[in-house]
Amino acid sequence: MKRHSRKKRVGTAFLAAALTAGLLVPASAASDLEGHWARAAMETWAEHGVVKGVGGGGYAPDGVLSRAQLFTLMNRIMGVTEKADITKFSDVAPEAWYADEIAKAVAAGIAQGDGTKMDPEGPVTREQTALVYSRVLHLDTKSAALDGFTDRDQISSWAAEGVTAVTAAGIMQGVPGGAFAPGKEITRAEAVTMLDNSIETYCGEAGTYTGDVEGNVLINASSVILKDAVVKGDIYVMAGSGANADLQGVEATGKIVLLGGGVSLDKASKTAGLVVWSDGAKVDLAKGAFVSLLTVEGEDTTVTGGGSIKAAVINAAGANLAQKPDKVTVASGLTATVAGKTVKGTTGKSSGGGGGSPGGGGPAAEGGDRQRLTPGDPGDIRGPVPHSSDPP
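The notes below deal with the structure included here. Every chain is numbered on its own, with residues counted from 1 as its sequence reads. For this predicted model, a pLDDT threshold of at least 70 governs which residues receive local features, and a threshold of 80 or more governs which side-chain atom pairs are given and counted, while totals over whole chains, interfaces and linings are taken from all residues. To get the side-chain values, take all heavy atoms of the structure and skip hydrogens and water.

### What about the overall build of the protein?
Next, step 1: In terms of helices and strands, the protein carries 7 helices and 16 strands.
Next, step 2: Summary of the burial criterion: residues with accessible area below 20% of their type's maximum are buried, those above 50% are exposed, and those between are partly exposed, where the area comes from a 1.4 Å probe applied to protein chains only. Across the 392 residues that make up the protein, the buried fraction comes to 53%.
Next, step 3: Residues count as neighbours in contact if any of their non-hydrogen atoms are within 4.5 Å of one another. In the protein, 46% of the contacts between residues at least 6 apart in sequence involve partners at least 24 apart.
Next, step 4: Roughly 16,000 Å² of accessible area belongs to the protein as shown, and the carbon and sulfur atoms make up 50% of that amount. Helix and strand assignments come from DSSP, with helices taken as H or I runs of at least 4 residues and strands as E runs of at least 2, each series counted from the N terminus. In these tables, accessible area is a Shrake-Rupley quantity obtained with a 1.4 Å probe, and a residue counts as shielded only by the protein chains included in the view.

### Looking at the packing of helix 5 (residues 126-136) against helix 7 (residues 188-198)
Next, step 1: Here an axis means a line fitted to C-alpha atoms, over the contact stretch when the element is a helix, while the angle between two N-to-C directions is reported on a 0 to 180 degree scale. Close contact between helix 5 and helix 7 brings their axes to 11 Å; oriented N to C, the two are set at 30°. Between helix 5 and helix 7, the angle is such that the two are roughly parallel. The two elements helix 5 and helix 7 cross, and the hand of that crossing is right-handed. Mapping the contact onto sequence places R126, T129, A130 and Y133 in helix 5 and E190, A191, M194, L195 and S198 in helix 7.
Next, step 2: In the contact of helix 5 with helix 7, the residues fall into 5 nonpolar, 2 polar and 2 charged. Any angle that is under 35 degrees is reported as roughly parallel, and any over 145 degrees as roughly antiparallel; angles of 65 to 115 degrees are reported as roughly perpendicular and all others as oblique. By the definition used in this description, the sense in which the near helix is turned from the far one sets the handedness, with an anticlockwise turn below a right angle giving left-handed and a clockwise turn giving right-handed. Residue classes follow a fixed rule: Ala, Val, Leu, Ile, Met, Phe, Trp, Tyr, Cys and Pro count as nonpolar, while Asp, Glu, Lys and Arg count as charged, and any other residue, Gly among them, counts as polar.

### Things to note about the environment of A111
Next, step 1: With respect to the element layout, A111 can be found in the loop between helix 4 (99-108) and helix 5.
Next, step 2: You can call A111 buried: its relative accessible area is 3%.
Next, step 3: When the C-alpha atoms of A111 and E101 are compared, they prove to be 9.9 Å apart, with 10 residues separating the residues in sequence.

### Comments concerning the pairing of strand 8 (residues 270-276)
Note on strand geometry: in a regular strand, side chains alternate between the two faces of the sheet.
Next, step 1: Burial analysis of strand 8 places 6 of its 7 residues in the buried class, which makes it a mostly covered element.
Next, step 2: Where strand 6 (residues 244-258) and strand 8 come together, 6 bridges link them in parallel fashion. Opposite L258, over in strand 8, you have V276 as the bridge partner.
Next, step 3: Whether two strands pair comes down to DSSP finding at least two bridges between them. Bridge analysis of strand 8 against strand 10 (residues 290-296) gives 6 bridges, and the strand direction is parallel. Bridge assignment links T271 to a residue of strand 10, and that residue is V291.

### Considering the pattern of salt bridges
Next, step 1: One side-chain nitrogen of Lys or Arg within 4 Å of one carboxyl oxygen of Asp or Glu is enough to make a salt bridge. Scanning the entire structure with this criterion turns up 7 salt bridges.
Next, step 2: Among the salt bridges present, the one from D100 reaches K83, with a minimum N-O distance of 3.2 Å. Placement of D100 in helix 4 and of K83 in the loop between helix 3 (67-78) and helix 4 is noted, with a sequence separation of 17 residues between them.
Next, step 3: D100 gets classed as partly exposed once you look at its relative accessible area, which sits at 44%.
Next, step 4: For the salt bridge of D234 with K255, the shortest nitrogen-to-oxygen distance reads 3.9 Å. Of the two residues, D234 sits in the loop between strand 4 (224-231) and strand 5 (235-237) while K255 sits in strand 6, which places them 21 residues apart along the sequence.
Next, step 5: The class for K255 is buried, based on a relative accessible area of 4%.
Next, step 6: Here the salt bridges share partners, and the residues they tie into one network are E34, R39 and E43.

### Things to note about helix 6 (residues 160-168)
Next, step 1: Taken together, the buried positions of helix 6 are occupied by G162, V163, T164, A165, V166 and T167.
Next, step 2: At its buried positions, helix 6 is contacted by helix 5.
Next, step 3: One or two steps after helix 6, the chain reaches G170, where phi turns positive at roughly 80°.

### Thoughts on the nonpolar core
One recurring pattern in soluble globular proteins: nonpolar side chains tend to sit buried together.
Next, step 1: Grouping buried Ala, Val, Leu, Ile, Met, Phe, Trp, Tyr and Cys residues that are joined through side-chain atoms within 4.5 Å yields what is termed a nonpolar core. Within the largest apolar cluster, 61 residues are counted, with the highest numbers of intra-cluster contacts made by W45, Y133 and Y236.
Next, step 2: It is helix 3 that provides the largest number of residues to this core, a total of 7 residues.
Next, step 3: Judged by nonpolar contacts, the second largest core, of 40 residues, contains L226, I256, A289 and L294.

### Describing the pairing of strand 9 (residues 282-285)
Next, step 1: Only one face of strand 9 is covered, namely the face carrying V283 and L285; the face carrying K282 and D284 is uncovered.
Next, step 2: Note that strand 7 (residues 262-265) and strand 9 share 4 bridges and pair parallel. By the bridge assignment for strand 9, V263 is matched with V283.
Next, step 3: Direction of pairing for strand 9 relative to strand 11 (residues 302-304): parallel, over a ladder of 3 bridges. When the bridges of strand 11 are listed, D284 appears paired with T304.

### Some words on the packing of aromatic side chains
Next, step 1: Here is the rule: rings of Phe, Tyr and Trp (six-membered ring for Trp) pair when centre to centre is within 6.5 Å. Planes less than 30 degrees apart are stacked, more than 60 are edge-to-face, and the remainder are tilted. Counted by the stated rule, this structure contains 3 aromatic pairs.
Next, step 2: On the basis of an interplanar angle of 65° and a centroid distance of 5.3 Å, the ring pair of W45 and Y202 is categorised as edge-to-face. Remark: Y202 occurs in strand 1 (residues 201-203) and W45 occurs in helix 2 (residues 39-47); sequence separation between them is 157 residues. For the pair shown, W45 and Y202 are each scored as buried.
Next, step 3: Each ring, one from F149 and one from F180, has its centre 5.3 Å from the other, and the planes form 65°; the classification is edge-to-face. With F149 in the loop between helix 5 and helix 6 and F180 in the loop between helix 6 and helix 7, this residue pair connects regions lying 31 residues apart in the sequence.
Next, step 4: We classify F180 as buried; its relative accessible area is 0%.
Next, step 5: In this scheme, Lys NZ or Arg CZ marks a charge over a ring once it lies within 6 Å of the ring centre and within 35 degrees of the ring normal. Positioned above the aromatic ring of F180 is the side chain of R126, whose terminal nitrogen or guanidinium carbon lies 4.6 Å from the ring centre.

### Quick word on the side chain of T167
Next, step 1: Tracing the chain through its elements places T167 in helix 6.
Next, step 2: At a separation of 2.7 Å, a polar atom in the side chain of T167 contacts the main-chain carbonyl oxygen of V163.
Next, step 3: Filtering out sequence-adjacent residues up to four positions away, T167 remains in contact with F149, M172 and F180. Think of a polar contact as two N or O atoms within 3.5 Å of one another; within protein, one of them needs to be a possible hydrogen donor and the other a possible acceptor, and neighboring residues in sequence only count if both atoms come from side chains.

What follows is the structure, encoded as structure tokens:
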């Protein structure tokens, strides 16, 4: 999208710098990708610096994904930079390659361990990976049933919503024979393919990106401009590197999912939905900009400008909207400032536009259910690798 029409292309200057710094294994040197079914996806995300080699000029695409590797992949996609104190984990050596990644994952609420151990080198299953992806991308967890899988009764209850979300969105599929194989260990190639299925265009460096997109856009850099484009999917603005998006003449037929930083829409931009998950988010709507449905899940959200909002659903404290939407719903026990006036909540927590939908496109759906990645929440892989049907 950025000054090019090629899918997911990364700037050559960035790639050259990354190679010079020894951060990436050149795709041409990755002999273990030759003829591999996931070669294109692995090379694409290696160019972006999201996937890196394992040494010796290879990527080990068929190697089993470890917990540390999954945490690292999610950290890079989310743009996590904050680190937590992880000295209590006796199995995470300070000199280990994944020590900083574990610290980031703990800070982001992706990893928690069992209090004294993290099991960073333990394997990850398909259902665990499905759940983590669905939560990091805030997917719709009520979009379909699992009846199509012959082994649906083997899918753990804590993972069912995640599996539902990623399969409905086309991010993950079953295995030959009609099963999902929830307990099967997932490979590096499979995990990267899930990412490739999720994101059509990746904006990992500052600059202006133009051209229509038949899928989702992920922004993980500061000073990103999307210009003169129809995005037939969702636009993710992640938390890393002060990520922010300036939309100029952009129509998003899906939603803008704000997970960090901020977003601005000029007079020629519009979106079916804008979902704010990050606390302290800044949104600016120029006069003429249009948001069909604004859903606020992050505290202290500020929306400025003279643009219009058809409906707003506010489920977090401290929201301040300069505009007066046609309809405003505030959750019980909360207050919000709307067009300079205080609005008190009168209902329970409302369902609004939900989160992202890597299946792409369509208006913001009503009734989506999302959960934050918060410490102590059982349905992810923060604890030890599970046995049988124990929550991960």
